[in-house]
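Survey of secondary and tertiary structure
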Amino acid sequence: MAQDSRNIENQERGGNATASNHVPAAGVLRIDTTQIRQQQSEEPVIASPNGESSGAQTGPGGGAGGFSQSPGLLPQDSLSLMQLKRLVGEGGRIVQPEYAFEYTPSDSLANELSEWFSYSTADLSLLIGGAKQTFESTYTKLSLAPHQSVPPQGRLSRWVTSKDVKRRRYITRCMDLLDQADQEERVKGLEGLSFIAQGVYGELHNQHDQMIWIKRNNKLLRKVGVAEGVFGCLRKSLGREWEFVQQTTAASNGLVNSYDPDELLTQKAWNRRELKQAMTVLYFLIEVTRMVSDEETDPKNIGLDEELESFRDEIAQLPGEGGLLGFLIKNIARVRWEDNVDIALTHILILTWKATLLLFGSPQKHLPKVKQFARLAEGLSPEVDKTQITANPLDYYLFRQDLIAKYPAYNPPKTLFAFDTNSYLPSLAGHESSSRPGGNTDVLLGGKGGGENLASILEKAVHIATPAPSPPPSPIGIGKGQKKQNYQTNQSFPFMYPPADDEGGNKLWENDGGGVPKSIKEAGELFSRRTRISLAMRQLWREREAFEKYGRGWQVEEPRERKRGWEEEGRIPRWEEKRLAMVEEVYQVTLPQLQSLVIVLFKVMLQSITAPPAAPPPAPPPPQNTFADEDGKDSSGSKQVIVDPVTGDVDFAPSLSLRNSWNIFGKRRNGGENNGSSLGAISEDTSDPVEWEKQREKERAEREAAEKKQWEELDTTRLREIASKAVTAFFLVLLKWFRVSHVLKFEYLTQLLWDSNYIPLVLKLLNQQDIVASLTAKTDRPERAYFRICNLHSLSPQPLASSTESSSPDEACPPPIPFARPIQQHPQPTSSPPPPPSDPLPEVITEFSWRNFFTSINIMRILQKVVKGKSHRNLALVQFRSSVILRKPLKCPQKELRLYTLKVFKGQVPYCGRKWRQGNMRVITSIYLHCRPELRDDWLAGGDVDADVEEAGPQEEALRALTLFYNVSWFPKSMGADLGLLEEERDFFRRELMRMQEGEEAEEGMGEREWVGEVGWG
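Before going further, it helps to examine the overall build of the chain. Scanning the chain for helices and strands turns up 35 helices and 6 strands. Counting the 1018 residues in the chain, one finds 42% classified as buried. A separation threshold of at least 6 residues defines the contact pool for the chain, and within that pool the share at least 24 residues apart is 78%. Accessible area for the chain stands at about 56,700 Å²; split by element, carbon and sulfur atoms hold 53% of it.

As a further point, take the pattern of salt bridges. Within the structure shown, the criterion is met by 41 salt bridges. As a salt-bridge pair, Lys188 and Glu185 come within 3.9 Å of each other at their nearest N and O atoms. With Lys188 and Glu185 both in helix α7 (residues 183–197), this residue pair falls 3 residues apart, about one helical turn. Using a relative accessible area of 26% as the deciding quantity, one classes Glu185 as partly exposed. Three or more residues are tied together by salt bridges with common partners; here these are Glu112, Glu115, Glu287, Arg290, Asp294, Lys354, Arg718, Glu721, Lys725, Asp780 and Arg851.

Look at helix α11 (residues 306–316) against helix α20 (residues 575–590): their axes get within 12 Å of each other, and the N-to-C directions meet at 25°. Here α20 runs roughly parallel to α11, going by the angle between their axes. As for how α11 packs across α20, the hand of that crossing is left-handed. Where α11 abuts α20, its residues Glu309, Arg312, Asp313 and Ala316 lie against Trp575, Lys578, Arg579 and Met582. The class makeup of the residues in the contact of α11 with α20 is 3 nonpolar, no polar and 5 charged.

A separate point is the packing of helix α14 (residues 366–377) against α20. Direction vectors running N to C along α14 and α20 enclose 95°, while the axes themselves pass 10 Å from each other. The orientation of α14 relative to α20 falls into the category roughly perpendicular. When α14 is examined against α20, the residues His366, Lys369, Val370 and Phe373 are found in contact with a partner set consisting of Trp575, Glu576, Glu577, Arg579 and Leu580. Considered class by class, the residues forming the contact of α14 with α20 number 4 nonpolar, 1 polar and 4 charged.

The subject of this paragraph is the confidence of the model for the chain. Close inspection of predicted coordinates is inappropriate in any region flagged by low pLDDT. Here the chain shows a mean pLDDT of 75. Residues at 70 or above account for 66%. The model gives residues 460–471 a pLDDT under 50, and that stretch makes 5 contacts with residues more than four places away or in other chains. Contacts for the low-pLDDT stretch residues 824–837, under 50 throughout, to residues beyond four places or in other chains number 0 contacts.

What follows covers the nonpolar core. Within the largest apolar cluster, 173 residues are counted, with the highest numbers of intra-cluster contacts made by Trp159, Leu234 and Leu324. If one sorts the elements of this core by residue count, helix α23 (residues 689–741) sits on top with 14 residues. If sequence neighbours within four positions are ignored, Trp159 has contacts with Phe135, Tyr139, Arg167, Tyr170, Ile171, Ile196, Val200, Glu203, Trp213, Asn217 and Leu220. Grouped together as the second largest cluster of nonpolar side chains are 8 residues, Ala391, Leu403, Tyr407 and Val516 included.

On to unusual backbone geometry. One non-glycine residue, Val200, lies in the positive phi region at around 40°. The residue Val200 is located in the loop between α7 and α8 (207–224) in this model. Phi is positive for Asn757, which is not a glycine, with a value near 65°. Structurally, Asn757 is set in the loop between α24 (743–755) and α25 (758–768). A relative accessible area of 47% means that Asn757 is categorised as partly exposed.

In this structure, Arg703 sits in helix α23. Separated by 2.7 Å, the side chains of Arg703 and Glu707 make a polar contact.

Moving on to a negative patch on the surface. Taken together, the side chains of Glu998, Glu1000, Glu1001, Glu1003 and Glu1004 define an acidic patch exposed on the protein surface. Position of Glu1004 among the secondary structure elements: in helix α35 (residues 979–1017). Glu1004 sits in the exposed class, given a relative accessible area of 55%.

It is worth spelling out the side chain of Asp715 at this point. Along the chain, Asp715 turns up in helix α23. The side chain of Asp715 is buried and forms no salt bridge, while Arg718, the nearest opposite charge, is found at 4.3 Å.

This brings us to the environment of Ile885. Along the polypeptide, Ile885 turns up in helix α30 (residues 882–886). Assessed through its relative accessible area of 14%, Ile885 is described here as buried. Considered as a pair, Ile885 and Leu766 are 119 residues apart in the sequence and their alpha carbons are 6.6 Å apart. Those residues within four positions of Ile885 in sequence are excluded, and the remaining contacts are Leu763, Leu766 and Asn767.

Turning to the packing of aromatic side chains, a few remarks are in order. Using the criterion set out here, one finds 37 aromatic pairs in the structure. Each member of the aromatic cluster is reached from another via a ring pair, and the members are Tyr99, Phe101, Tyr103, Trp353, Phe848, Trp850, Phe853 and Phe854. Looking at Arg784, its charged tip hangs above the ring of Trp711, at a distance of 4.3 Å from the centre.

With that settled, the discussion passes to the environment of Val226. Checked against the element boundaries, Val226 lands in the loop between α8 and α9 (227–252). Look at Val226 and you get buried, because its relative accessible area is 0%. Considered as a pair, Val226 and Ile171 are 55 residues apart in the sequence and their alpha carbons are 8.2 Å apart. Non-local contacts of Val226, meaning those with residues more than four positions away in its chain, are made with Ile171, Met175, Leu221 and Leu285.

In this section: helix α28 (residues 850–867). In a regular helix each residue adds 1.5 Å, so 18 residues correspond to 26 Å; α28 covers 26 Å between its end C-alpha atoms and thus fits that length. Among the 18 residues that make up α28, 18 are buried, leaving the element largely enclosed by the rest of the structure. Once α28 ends, the next one or two residues include Gly869, with phi positive near 70°.

Calculation rules
Residues numbered from 1 in each chain as written. Predicted model: local features only at pLDDT ≥ 70, side-chain atom pairs only at ≥ 80, totals over all residues. Heavy atoms only, no water. Helix = DSSP H or I, 4+ residues; strand = E, 2+ residues; numbered from the N terminus. Buried < 20%, exposed > 50% of the residue type's maximum accessible area, 1.4 Å probe, protein only. Contact = heavy atoms within 4.5 Å. Areas by Shrake-Rupley, 256 points an atom, 1.4 Å probe, with all protein chains shown as cover. Salt bridge = Lys/Arg side-chain N within 4 Å of Asp/Glu carboxyl O. Axes fitted to C-alpha atoms, helices over the stretch in contact; angles between N-to-C directions. Parallel < 35°, antiparallel > 145°, perpendicular 65-115°, else oblique. Left-handed = near helix turned anticlockwise from the far one by under 90°. Nonpolar A, V, L, I, M, F, W, Y, C, P; charged D, E, K, R; others polar. pLDDT = per-residue confidence, 0-100. Core = buried A, V, L, I, M, F, W, Y, C linked by side-chain atoms within 4.5 Å. Polar contact = N/O pair within 3.5 Å; in protein donor to acceptor, adjacent residues only side chain to side chain. Patch = residues over 30% accessible without salt bridge, like charges linked within 9 Å, V, L, I, M, F, W, Y side chains within 5 Å. Lys, Arg positive; Asp, Glu negative; His and termini not counted. Charge placed at Lys NZ, Arg CZ, Asp CG, Glu CD. Phe/Tyr/Trp six-rings, centres within 6.5 Å; stacked < 30°, edge-to-face > 60°. Lys NZ or Arg CZ within 6 Å of the ring centre and 35° of its normal. Expected span 1.5 Å × (residues − 1).

In structure tokens:
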């Protein structure tokens, strides 16, 4: 310390600091000043008037900053502010590039159509090759004119060159086949329609032409009206599938004696063929119609596309409760109760998701318009301006209560809801309310905190004057050893008394608002102007009032029926009303199956978690033309895979590409090694040609089995990704549309997701996978893509441009040995500076998996909707220690994924401790930067957390009670409610009133008789 003090004194006097005196203290942060010293050495030397050189800055001692430093002395370890700014500016910030992913409700039309088809050889041959063969064998005959019975000799009709009348004739006759009792005839008609819906790829040359004909043919199929006939085949085939499941279960339990497995397999094969073709036709119809309408319709004309609306009405009016969507949801929910289920569930999930988008509308285009219509129907403004910072009525009510408690003479603007009325629901919290903004569920307890409902003293008829507090004791004389006492006003006391009158006798408290500071009045007026009522709060408040009336016996009418405005007015419904009515119908029909639906879809998502962690996808085998032409061979003359169209059995025959994909050294063409004994090299000492041929056949069979296994693993992973994508997108669409229809529909579905352990499922999913690796891993292979296989069946099949496709035996030879040293050409000197040693970072990252990004964002959006505004559920996230796991999605620089992850974090911050906040300041800063704030947004400051925790349980219970009341009162049959019991409950108060009236009448009769008796006796 003495040495340090001497150094300081020497510096203050401008003395020289020697190396022996300059001893840095232990633990002091060292800053690298080599760049600064280098820059200072490069600065020009300025000559002083006396002939000496000096630096840019000179001090009294001749050195920089007033210190004389010799070359042998150590420089000072400190930086000025200007030097630090120079370092930061010259260093350059490394900005992490973001992924070039734009979130949309679905992918492009070509990608969505490709995801419908798996990589299985049997499925591709069934849906593509089988449809082509059936169409080519039936089109010429079924498209004949009515006066013709036999087609012309040697002339085959083609779809592309036919007239529209002939095409319609063929479609109509295929529809007639769908009504046949023979299943083979129905399959023939479905395969003809399927080939047309897929764009008659057998008569085209490339993918561009196929996409044009896909749009044109599906438009023609819509006009003819094939949806109802195809849906009938779908219902029959799915019904048969459930019969097969029951037969298999009965046979396994020994309940059926006569059981022919071969016959059952044949029936299953034909039924599976009918089911897949029917779903393929419906999928192409729905997806092409929906995507083409989205591309061609102007945003101002949303909902006015006549072709889309007419087709939507046709799908909505299909026979059965709920139409196509209700039928599919019921079949998915049925999987929960069946054990031996062997149904293509992935196709059903994708079709359900697409049917929901068609019937309800696109969440990006139709949903905002329908929400505006619903707000106007409720008497609200068309939409909430999201460019301004707003607050909900409950937040303003709490702010108003605080102002009245502080300034009783101030009368702020009224609230938009009558929160002052006490609720009969219990409130366990104290009088101090939480300062954080509340959600919709806080309305159930009459405001967050359940404190006293204060009112301005100006509104009260009688003012109760409270006595002034006793003054403090007189101060004692200040002596030598006594301190002066400070007299301060307790800020927690309200300002009870208005200011005095002015000289003219005018009451200032009536003119200036009771002596309230101007800033307080401005805050109250600003808060009241920025208050916005959401559609959800208006709907929730109405149901809360009906719930309280019913509980108190004020409302005893019959079960409520939703009245449709267009039916009462006798007019044609608007397109917004049709979609809201469809949401209502689907919810009513599927209400008993919603819980089973959630459980089944969670099992589908769980398959991607419970699956064994696979290594990175192996390199695909050499591309093969595995689909035979009419002569049974491809362009290379190799024998191809033969698939039985009925049973689906595959006969893997040796092909030329497989034969040339290995060599005698046991090496693969792509550089990999064979798997030891299973794919060992052929011995060179084999003298017997027969043994050599057998060994060769064995190696070929093993190689084909290994390649088949690789394709199966890749296809399984891809199907899991597609199924997860469909499940998460379907959940998100339901949540969005249920919230617009009625907020309690949305709350009921979120309760089912919560009760089915959605949060542990998501946390387990994020914990077990590398989010960055999963978002960049691609499982699509161009050699098995849908349009690639269609091109192989087209008029101009094109080989896949790949280096691995070549099968020349010369590739196994090493490169030639050069006999001369290559001449090195020295580059000519140029005046331009050399390029940087490392490539600059790209602005955006384009290599990623669109499907996995879409699924991950949907998962986080669903999680945010489940826990938003729910203290009970956010506390569960804190108990699960989810903050560690939820940091993984933040590693991916993508705006939607980051935004919804931060929103989930924002709900947990109030319940995390100070230590957690200190260690996660980057997350908190990101929340401030990316999440839209609210006017009363004190999520970081905390508040009365204990009261909020105590209220969490009652809030959740009150919300569930209100949701049950809504479902039972509006949909008693779907809830399985006993109408007789409900009628008895409604009659309870009526019976009590009748008893009270009878008792009063009896008392009046007794009084009259007593009075008459007294008069007569007298």
